[in-house]
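Here's the letter readout for the chains.
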Amino acid sequence: PFGFQEQEMIDFFNQQMHLHGLAQAEGNPILACQVNRDKNFAFLECRSIDETTQCMAFDGINFKGQSLKLRRPLNYQPVPQNSGLSTIDGSNVGILPGVVSTVVPDSPHKIFIGGLPNYLNEDQVKELLTSFGPLKAFNLVKDVASSLSKGYAFAEYQDPS
């Protein structure tokens, strides 16, 4: 979102980490924030690799009225014994109630929704889709230049049935 200060984002994520029990020690897990206002993104620095992985659960969280997309840096190389948000049995960890991920992974449960009017925004499409059940992940595809919807989206429900 435009017009926020770096410290606001640090405080927000530190609060969320503690609120959801994801901080692994006393003190604040988020150490720093650098914002690139020209390209509308920010980098958060966490105090540990594990807390960074836990923080990825906030993908899709609402901050100042906007759904945030959380990603690893493009050059990120996972540590082999701790390579993501899954356990040994493949179950998901870090999925928080009320937070809908913006990443819809390829799976048999991924749904394509086409023919959407391009004037509908993310919240409006999500509202339509949640009438069939709670969403696990949702991504409305938008034109990069205009930020308008391209008329299609991908989604996955919490309950695949």
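Data block above holds the structure.
What this report covers is the structure whose coordinates are included nearby. (Residues numbered from 1 in each chain as written. Predicted model: local features only at pLDDT ≥ 70, side-chain atom pairs only at ≥ 80, totals over all residues. Heavy atoms only, no water.)

A tally of helices and strands in the protein yields three helices and seven strands. Of the regular secondary structure in the protein, the N- to C-terminal order runs α-β-β-α-β-β-β-α-β-β. With 161 residues in all, the protein has 33% of them scored as buried. For the protein, the share of sequence-separated contacts (at least 6 apart) that also reach a separation of at least 24 residues comes to 55%. If you sum the accessible surface of the protein, you get close to 10,200 Å²; carbon and sulfur atoms cover 53% of it. (Helix = DSSP H or I, 4+ residues; strand = E, 2+ residues; numbered from the N terminus. Buried < 20%, exposed > 50% of the residue type's maximum accessible area, 1.4 Å probe, protein only. Contact = heavy atoms within 4.5 Å. Areas by Shrake-Rupley, 256 points an atom, 1.4 Å probe, with all protein chains shown as cover.)

Here helix 3 (residues 122–130) has its buried residues at Glu122, Val125, Lys126 and Leu129. All buried residues of helix 3 lie within an arc of 100 degrees about the axis, which places them on one face of the element. For helix 3, the exposed residues set more than 90 degrees away from the buried face come down to Asp123, Glu127 and Leu128. Its side-chain oxygen placed 3.1 Å from the backbone nitrogen of Asp123, Asn121 serves as the N-cap of helix 3. (Arc of directions from axis to C-beta. Polar contact = N/O pair within 3.5 Å; in protein donor to acceptor, adjacent residues only side chain to side chain.)

On inspection of all chains with the given rule, the structure shows one cavity of 30 Å³ or more. Estimates place the volume of the largest cavity at around 40 Å³. Taken together, Ser67, Lys69, Val100, Ser101, Thr102, Glu122, Lys126, Phe138, Asn139 and Leu140 make up the full set of residues lining the largest cavity. Broken down by secondary-structure element, the contributors of at least two residues to the lining of the largest cavity are helix 3 and strand 6 (135–142). With three residues, the top contributor of residues to the lining of the largest cavity is strand 6. (1 Å grid on protein atoms, 1.4 Å probe; cavity = no way out; pocket = protein on both sides within 12 Å on 5 of 7 lines; lining within 4 Å. Points joined across faces, edges and corners; volume = space filled by probe spheres on them.)

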